[in-house]
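Working through the structure, step by step
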Amino acid sequence: MKLKGILAAALFIVLLGCGSASSFKPDTFSDKDMCIVKVDDEKVKVCYGMSRTDVEKILGKGKEGENLRIYTEYDFGVNLMYRDDIARGLMLQEGSESVYTTARGVKVGQTKEDVKSLHGSKYAIDIAENSMEYYYDNKDNKFLGAVSLEDHTPESLEKTSMLSVGVQGGKITRLWLADRKMLVLLH
């Protein structure tokens with residue numbers, strides 16, 4: 001009898017600990033979406049808005065990107081873009097899939113349909129075979145449809161968070177979590 005109680009408590013703790021990615025609901029968004037987490041330890045995460053110092057405590061010292069000097073490369077296919085030493089863009093690319101995922105559990109190697117099952121289809125902007133995006137207005141707390149390419153004011157670009165997915169051969173090869181200012185102006 002006592003053993004059954006201990007096993008039940010252990011199962012509850014395991015289920016509780018595994019539930020963070022599944023606690024997200026499709027077609028919703030929060031600041032928790034703007035994080036990447038370690039596959040084997042969901043408590044280890046790097047989030048949009050963290051200081052470079054705090055990121056480096058988790059990921060170590062990165063190196064300047066070879067192709068674009070605006071981002072920092074870390075191990076395991078993780079790249080970050082900083083503005084004023086604050087993380088404003090997080091990218092997962094090939095090599096990250098067994099080490100890091102987004103907070104919702106999206107990782108390199110999955111498909112657009114996998115992303116839609118986790119983020120929802122309602123607000124997905126899926127107009128090209130090789131990409132898909134979601135835009136969220138942080139100021140007004142609402143999803144946006146396709147965003148205007150004309151509106152490049154610093155305020156509008158910084159207040160819009162986005163998930164951008166790059167696809168080749170039907171599989172995700174790159175995931176960006178960033179504000180639009182970082183991705184549009186690379187700043």
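One can find the structure itself at the top, above this paragraph.
First, a word on scope: everything that follows refers to the structure included in this document. As a convention, each chain's residues are numbered from 1 in the sequence order in which they are written. Only residues with pLDDT of at least 70 are given local features in this predicted model, and only at 80 or more are side-chain atom pairs given and counted; all residues enter the totals for whole chains, interfaces and linings. The side-chain values count all of the structure's non-hydrogen atoms but skip hydrogen atoms and water molecules.

Turning to the overall build of the chain, a few remarks are in order. Helical segments are the DSSP runs of H or I of at least four residues, strand segments are the runs of E of at least two, and each set is numbered from the N terminus. Within the chain, the regular secondary structure consists of five helices and 12 strands. Think of it in three bands: residues with accessible area under 20% of the maximum for their type are buried, residues over 50% are exposed, and the middle band is partly exposed, with areas taken using a 1.4 Å probe on protein chains only. Sorting the 187 residues of the chain into buried and exposed places 40% on the buried side. Contact criterion: two residues are considered in contact whenever any of their non-hydrogen atoms come within 4.5 Å of each other. For the chain, contacts bridging at least 24 residues in sequence account for 49% of all contacts bridging at least 6. In this description, accessible areas are obtained by the Shrake-Rupley approach with a 1.4 Å probe, and a residue is regarded as covered only by the protein chains that are shown. As displayed, the chain has an accessible area near 10,700 Å², and 54% of this comes from carbon and sulfur atoms.

Here, a salt bridge means any Lys or Arg side-chain nitrogen found within 4 Å of an Asp or Glu carboxyl oxygen. Applying the stated rule across the entire model yields 11 salt bridges. For Glu73, the salt bridge goes to Lys63, with nearest N and O atoms at 3.9 Å. Placement of the pair is Glu73 in strand β4 (residues 71-74) and Lys63 in strand β3 (residues 63-64), with a sequence separation of 10 residues. Since its relative accessible area comes to 17%, Glu73 is described here as buried. A single network of salt bridges, built from pairs that share partners, joins Lys112, Glu113, Lys116 and Asp126.

Moving on to helix α3 (residues 112-119). All of the buried residues in α3 are Lys112, Val115, Lys116 and His119. Taken down its axis, α3 places every buried residue within 100° of arc, on the same side. Of the exposed residues in α3, those oriented more than 90 degrees away from the buried face are Glu113 and Ser117. Among the structural elements, β8 (125-128), β9 (131-137), β11 (160-168) and β12 (171-179) are those in contact with the buried residues of α3. Directions pointing from the helix axis toward each C-beta atom define the arc.

By secondary structure assignment, the location of Asp137 is in strand β9. For Asp137, a relative accessible area of 3% gives the class buried. A distance of 2.8 Å separates a polar side-chain atom of Asp137 from the backbone nitrogen of Asp140. Residues contacting Asp137, with those up to four places away along its chain left out, are Lys142, Leu144 and Lys159. Polar contact is the term for a pair of N or O atoms within 3.5 Å; when the atoms are in protein, one must be able to donate a hydrogen and the other to accept it, and sequence-neighboring residues count only if both atoms are side-chain atoms.

When DSSP finds at least two bridges between two strands, those strands are taken to pair. Of the pairings in the sheet, the one linking β8 to β9 comprises two bridges and is antiparallel in character. Counterpart to Ile125 in the pairing with β9 is Glu133. Between β8 and β9, which pair antiparallel and follow one another directly, the connecting turn spans two residues.

Two measures describe an aromatic ring pair: the distance that separates the ring centres and the angle between the ring planes. When two rings of Phe, Tyr or Trp (its six-membered ring) have centres within 6.5 Å they constitute a pair, described as stacked for plane angles under 30 degrees, edge-to-face for angles over 60, and tilted for the intermediate range. Applying the stated criterion to the full structure yields four aromatic pairs. Between Phe29 and Phe143, the aromatic rings sit 6.1 Å apart at their centres with planes inclined by 80°, giving edge-to-face as the arrangement. Of this pair, Phe29 sits in the loop between α1 (2-17) and β1 (35-38) while Phe143 sits in strand β10 (residues 142-144), and the two are 114 residues apart along the sequence. On the numbers, 4.3 Å between centres and 5° between planes, the contact of Tyr123 with Phe143 is stacked. Taken as a pair, Tyr123 in the loop between α3 and β8 and Phe143 in strand β10 lie far apart in primary sequence, 20 residues in all. With relative accessibility at 25%, the residue Tyr123 sits in the partly exposed group. Classification of Phe143 by relative accessible area gives buried; the value is 15%. Over the ring of Tyr82 we find Arg52; its NZ or CZ atom is 3.8 Å from the centre of that ring. In our convention, an over-ring charge means Lys NZ or Arg CZ found within 6 Å of a ring centre and within 35 degrees of that ring's normal.

On to the pairing of strand β2 (residues 41-47). Bridge count between β1 and β2: four bridges; the pairing is antiparallel. Residue Val37 lies in a different strand from β2, and its bridge partner there is Lys45. Between β1 and β2, which follow one another and run antiparallel, lie two residues.

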